[in-house]
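# Structural overview for review
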Amino acid sequence: MASTLQDSKDDLMRRAHDELSRDVADSTLTAREKLALTCRALFDAGHDSGLAGQITARADEPGTYYTQRLGLGFDEITAGNLLLVDEDLNVLDGKGIANPANRFHTWIYRARPDVNCIVHTHPFHVAALSMLEVPLVVSQMDIAPLYDDCAFLPDWPGVPVGNEEGEIISAALGDKKAILLAHHGHVVAGASIEEACSLGMLIERAAKLQLTAMAAGAIAPLPERLAREAHDWTLTPKRSQANFAYYARRALAKHPDALDN
């Protein structure tokens, strides 16, 4: 006999959250391995744009982070060829150089101690949407984690290799999880690698949905209370871990070399 058919939605949501927390185990992958799998997953999801884009994650020592080597595409990143760099992009471990555009990551990390992983790419639909100089519109349940959590920078500051761009982008991001950069791409600032991977996958889908909906008519807004409920329900550490585990399994099946050291 069913025993929960009279339970309130709040009770059911709390119970599901508790069950998810118990059921989803923490990953045994290293930060390097998670980053490599994130690169492969994003590549497969259309985030490749030649050598454009960067991914970083805080390392153990304050003021240091992992990033990919300039000259390698996201489909070539492995746990072993990632670089360890300092805030000035000096290479502390690994061969090659970091992308000079990584400089704005340092500004975000300094402004946001809650951020542990940054994904910046130029996927097709995000790039196309950025050309219209309009913010990301979240009006569908699947992309609720980005509801009221994606900022917008309407003025393109140029190639982000200077400290000026770091100040501009970090200020425009504010306390949000993501930002759409006009005439450029997007930045996701995740509390974890898992969260950054999940939101990176999601923002490209969101842009694709928005462009498709805009071509058909006016986009209707979500009710704010329900949208915030969906945001809070879907953007939790354990749900990000579950999402990442799926993306990682799928990436590893296609790219078994990603974990090579």
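Source: prediction; values computed, not measured.

For the rest of this paragraph, the subject is the overall build of the protein. Within the protein one finds 8 helices and 8 strands. Here the protein has a C-alpha radius of gyration of 19 Å; the compact-globule value for 261 residues is 18 Å, and the two agree. Projected onto the principal axes, the alpha-carbon positions of the protein cover approximately 60 × 40 × 35 Å. The buried share of the protein, taken over its 261 residues, is 48%. Considering only contacts within the protein whose residues lie at least 6 apart along the sequence, 70% involve residues at least 24 apart.

A separate point is the packing of aromatic side chains. A full pass over the atoms with the stated rule returns 2 aromatic pairs. Here Y65 and Y109 contribute two aromatic rings whose centre-to-centre distance is 5.4 Å and whose plane-to-plane angle is 45 degrees, an arrangement assigned as tilted. Taken together, the residues Y65 in strand 2 (residues 64-67) and Y109 in helix 3 (residues 103-111) connect sequence positions 44 residues apart. Residue Y65 is classed as buried on the basis of its relative accessible area of 3%. Classification of Y109 by relative accessible area gives buried; the value is 5%. A ring pair is formed by Y246 and Y247, whose centres lie 5.6 Å apart and whose planes are at 45 degrees; its orientation type is tilted. Of the residues examined, Y246 reaches a relative accessible area of 39% and is grouped as partly exposed. The buried category is assigned to Y247, whose relative accessible area is 17%.

Conventions and cut-offs
Residues numbered from 1 in each chain as written. Predicted model: local features only at pLDDT ≥ 70, side-chain atom pairs only at ≥ 80, totals over all residues. Heavy atoms only, no water. Helix = DSSP H or I, 4+ residues; strand = E, 2+ residues; numbered from the N terminus. Rg over C-alpha atoms; globule rule 2.2 N^0.38 Å. Buried < 20%, exposed > 50% of the residue type's maximum accessible area, 1.4 Å probe, protein only. Contact = heavy atoms within 4.5 Å. Phe/Tyr/Trp six-rings, centres within 6.5 Å; stacked < 30°, edge-to-face > 60°.

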